[in-house]
Amino acid sequence: MVRARVDGMRERVWTVREMVPFRDWCRENIALRSTENADHVGPYKTDKVESMSRLWELFLDGEEWRELILVKGSQSTATTHALLGIARNVAESPGNTIYTIHSIDEARNISRRLGDFLEDCPLTGGMMSEVPSNDKTTLALRLPAMNLWLTGAGSAGALASKPGVKLVVVDEVDKHADLKGEASTVDLLRQRMKAVEGARLAAFSTPTDELGQITKEAKDGSGHKDFVPCPYCQHMQFFDHTRLRWGHCQDLAGMYDLEMVKAETRYQCDGCGKEIEESHKAGMIEKGEWRPTNYKEIERDGVKIMVPGWQPGKLSAYHNDLYAMWVGSSWGDLALEAIAAHGNPGKLHALFNNRWGKAFRKGGVAALKSEDIWKLRGPYKRGGVPWEPVFVTFCADTQDDCYKFVICAWNEKGDCAVSDWGMVLAWSDIMERARDGVEWDGKKIVSRFCLVDEGGHRTREVRRNVLPLRPWFFASKGKGGVQVKTTLAWGEFEVDKDGMETVPVLTYDDDSFKRLLYRDRIYKGSRAGDKKSAAMLEDPIIIFPTDLEPEFVAELCSERLERVGRKWEWKTHGANDFGDALKMNFIAHAQVGHMVSTRRVEKD
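For every chain, the first residue of the written sequence is number 1, and numbering continues from 1 along that sequence. Only residues with pLDDT of 70 or above have their local features reported here, since the model is predicted, and side-chain atom pairs are shown and tallied only from 80 upward, although totals for entire chains, interfaces and linings are computed over all residues. No hydrogens and no water enter the side-chain calculation; it runs on all heavy atoms of the structure.

Draft legend 1. Representation of the pattern of salt bridges within the structure. Think of a salt bridge as a Lys or Arg side-chain nitrogen and an Asp or Glu carboxyl oxygen that are within 4 Å of each other. Enumeration according to the criterion identifies 36 salt bridges in this entry. With a shortest N-O distance of 2.6 Å, Lys-583 and Asp-510 are connected by a salt bridge. Of this pair, Lys-583 sits in helix α17 (residues 577–592) while Asp-510 is found in helix α15 (residues 510–525), placing the two residues 73 residues apart along the sequence. Considered together, Lys-583 and Asp-510 belong to a single accessibility category, that of buried residues. Shared partners join several salt bridges into a network, and the residues in it are Glu-67, Asp-187, Arg-190, Glu-217, Asp-220 and Lys-314. Helix and strand assignments come from DSSP, with helices taken as H or I runs of at least 4 residues and strands as E runs of at least 2, each series counted from the N terminus. A 1.4 Å probe rolled over the protein chains alone gives each residue an accessible area, and that area as a share of the maximum for its type sets the label: buried under 20%, exposed over 50%, partly exposed in between.

Here is the structure:
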């Protein structure tokens, strides 16, 4: 009790003088060690972080905003600026603080980074001391006139019973585990600051999908974006990845000159249409303005007007790596990552989340109709292909008494031509059909990479069959809910119960590749001629032979993504075996698509 009274008196004395504006305070008092950024050691400067530092000053200085909900890219420096905000509070306006991140190990890393800032700051040197805690999910730090609790997000208890909290920081929100029977992490932590006048909450994260915490939290906020001026027409705009342009770096065969992409990717102004060089970016960001965008239209006295559509005091903001000034984040670097992500759902998902700062929209896949497939027919017949392929894939879905297969041919751009499909009974028929491959210019081109689904109770049989055929044939297995970073993964060599070695299995995120096939290739491809979908004409396509079979088409239309409660689930309405076999060809392409000749595939 005595300690609490002393702390209260110290806080009243400590907060008399007016706080220095956030960015000025950082310039005067903060220095970066090599452990924070080896390339930018020394006094804090805004030249590399102009956009983000301006946002935090908007939030921390002034009385308008009580919350900051930030949907960000991976290079935003949001964590660094949150720590600098805490350091300024320690020096200028102490108050109890909670910092929550997805694990206690990460919380300890945050503690070390904050300690470096406080030790090097002339106003706070040597202030921090650790207080033992009985809670393994919480690290408690004693600071003058305040406590700082650093917690892992996996325990509801770690987020409760923290009195008089003045500042709440919630880091990497979408990585937090769901707390069974509890509200979201952000909602739980809001309760800690309700009774404190002037308390603030900052929550930020790279997003996941549209059902993620950070995306849902941002929807009823102000929707701030950093608008920057075009160097030619001064039109103010928010950097968006859809305006990056690198098509001029492509040759007649559709291949990209990657060095040219890195050096010459530009940004097209959505005002005058001129292409902006990377060299203009820093100057544009320096003149940027954070502006709210979440307005709604209402009618008042017969006149339609725009009014704020956000909850009072809730500043939500969107940021992405097109604003990043760090090595590896130029517009050319981002274009290279976009090219590499084509045809790979895992990379595409990560690109949207970590670089574009956008939620990956799972959404429902509208039920495909037979006409969607018929619209995608190309100028060739079954068994053939419309162009000379760089490689051919063969994939089979294992049934109880047969195999259903699909053969596809691919070009350098990643376009897929479905060549043939069918059903066979014996393994020897599988190998024969894979050898036949596709026909081009009067000759057969063999399938060079073949996947066979393990097929439930036939798993051992499939593994034994492919064992002597590697690296031509491999077994594969779909898994639901696999993390983005393991969308494709090889299992280890195994020994079965009879002591026989079996081949490693290629596992994949089933949901991601279904979305790639049904939504991104077939559904969107069938609508690529629409004016709204013109941009999709540059994306890899899928085409089918003119002599399609109704039964084959029907199986491709039998599966779609439907919302069940708070989650999306794939539902099948009829047989979908050919759909699974076709999906596996996209998995095969994601595995070996970086190889640009059949010779390299055969050699590897």
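Read on, since the account is not over.
Draft legend 2. Main features of the packing of helix α2 (residues 22–29) against helix α3 (residues 50–60). It is at 8 Å that the axes of α2 and α3 come closest, and there the two elements cross at 120 degrees. As the angle between them shows, α2 and α3 are arranged oblique. When α2 is examined against α3, the residues Phe-22, Arg-23 and Asp-24 are found in contact with a partner set consisting of Glu-50, Ser-53, Arg-54, Trp-56, Glu-57 and Leu-60. The residue makeup of the contact of α2 with α3, split by class, is 3 nonpolar, 1 polar and 5 charged. Only the stretch in contact is used when a helix axis is fitted, and all axes are lines through C-alpha atoms; the angle between N-to-C directions ranges over 0 to 180 degrees. By the definition adopted for this analysis, an angle is roughly parallel if under 35 degrees, roughly antiparallel if over 145, roughly perpendicular if from 65 to 115, and oblique otherwise. Contacts are residue-level and defined by heavy atoms, with any inter-residue pair within 4.5 Å sufficient. By the convention adopted, Pro, Cys, Tyr, Trp, Phe, Met, Ile, Leu, Val and Ala count as nonpolar, Lys, Arg, Asp and Glu as charged, and the other residues, Gly among them, as polar.

Draft legend 3. Highlighting the sheet that holds strand β14 (residues 275–276). Across the sheet, 3 strands lie side by side as β12-β13-β14; this open sheet has antiparallel pairing. With one partner strand each, in any of the chains shown, β12 (244–245) and β14 form the two edges of the open sheet. Note that β12 and strand β13 (residues 266–268) share 2 bridges and pair antiparallel. When the sheet's bridge partners are listed, Leu-244 is paired in β13 with Tyr-267. One requirement defines pairing of two strands: DSSP has to find at least two bridges between them.

Draft legend 4. Spotlight on unusual backbone geometry. Following Arg-470, the chain continues to Pro-471 via a peptide bond in cis, the omega torsion being 10 degrees. In this model, Glu-172 sits at a positive phi of 50 degrees, which is unusual for a non-glycine residue. The backbone of Asp-441 sits at a positive phi, close to 55 degrees, despite the residue not being glycine. Inspection of the secondary structure assignment puts Asp-441 in the loop between β22 (438–440) and β23 (443–445). For Asp-441, a relative accessible area of 69% puts it in the exposed group.

Draft legend 5. Quick look at the packing of aromatic side chains. The criterion for an aromatic pair is that two Phe, Tyr or Trp rings (for Trp, the six-membered ring) have centres within 6.5 Å, with stacked assigned to planes under 30 degrees apart, edge-to-face to planes over 60 apart and tilted to the rest. Under the counting rule described, the total for this entry stands at 20 aromatic pairs. For the pair Tyr-267 and Trp-331, a centre-to-centre distance of 5.6 Å together with 35 degrees between the ring planes defines the contact as tilted. Taken together, the positions of Tyr-267 in strand β13 and Trp-331 in helix α10 (residues 331–341) put the pair 64 residues apart, joining distant regions of the chain. Cation over ring: Lys-225 sits above Tyr-318, and NZ or CZ is 5.9 Å from the ring centre. A ring has a charge above it when a Lys NZ or an Arg CZ is no more than 6 Å from the ring centre and no more than 35 degrees off the ring normal. One residue, Arg-382, lies across the ring of Trp-421, its end atom 4.2 Å from the ring centre.

Draft legend 6. Geometry of the pairing of strand β25 (residues 473–479). In this sheet, β25 lies alongside strand β24 (residues 449–453) in parallel orientation, the contact comprising 4 bridges. Residue pairing across strands places Asp-453 opposite Ser-476, the latter belonging to β25. Sheet topology note: the β25/strand β29 (residues 505–509) ladder contains 5 bridges and is parallel. Its bridge partner lying in β29, Lys-479 is registered against Asp-509.

Draft legend 7. Fine view of the side chain of Asn-96. Structurally, Asn-96 can be placed in strand β4 (residues 96–101). When near neighbours in sequence (up to four residues on either side) are disregarded, Asn-96 contacts Met-146, Asn-147, Trp-149, Pro-163, Gly-164, Val-165, Lys-166 and Leu-167.

Draft legend 8. Main features of the state of the cysteines. A pair of cysteine sulfur atoms is labelled a disulfide when the two atoms are within 2.5 Å. Tallied over the entire structure, the rule returns 0 disulfides. There is no disulfide at Cys-233, and the cysteine sulfur nearest it, in Cys-272, is 3.7 Å away.

Draft legend 9. Region of interest: helix α5 (residues 104–120). Here the expected span of a helix is defined as 1.5 Å times the quantity of residues minus one. Taking 1.5 Å per residue, 17 residues should reach 24 Å; α5 reaches 25 Å between its end C-alpha atoms and fits that length. Looking only at α5, the buried set comprises Ala-107, Ile-110, Ser-111, Leu-114, Gly-115, Phe-117 and Leu-118. Projected down its long axis, α5 shows its buried positions confined to an angular sector of 165 degrees, all on one face. More than 90 degrees from the buried face of α5, the exposed residues found are Asp-105, Arg-112 and Glu-119. When we speak of the arc, we mean the arc of directions from the helix axis to the C-beta atoms.

Draft legend 10. A look at α17. The first and last C-alpha atoms of α17 sit 23 Å apart over 16 residues, in line with the 22 Å expected at 1.5 Å per residue. For α17, a buried count of 15 out of 16 residues is recorded, marking the element as mostly surrounded by other parts of the structure.

Draft legend 11. Structural context of the nonpolar core. Here, nonpolar core means buried Ala, Val, Leu, Ile, Met, Phe, Trp, Tyr and Cys residues that are tied together by side-chain atoms lying within 4.5 Å of each other. One finds Trp-56 and Tyr-99 to be the most contacted residues of the largest nonpolar core, which totals 48 residues. Ranked by the residues each element gives to this core, the list is headed by helix α4 (residues 78–92), at 8 residues. When near neighbours in sequence (up to four residues on either side) are disregarded, Tyr-99 contacts Thr-79, Ala-82, Leu-83, Ile-86, Ile-110, Leu-148, Trp-149, Leu-150, Thr-151, Val-169, Asp-171 and Phe-204. Formed by 40 residues, the second largest nonpolar core is a distinct cluster that contains Leu-376, Cys-408, Ile-522 and Phe-586.

Draft legend 12. Looking closely at the environment of Gly-525. Residue position: Gly-525 is located in helix α15. On the accessibility criterion, Gly-525 (27% relative accessible area) is partly exposed. Here the alpha-carbon distance between Gly-525 and Asp-539, two residues 14 residues apart in the chain, equals 9.0 Å.

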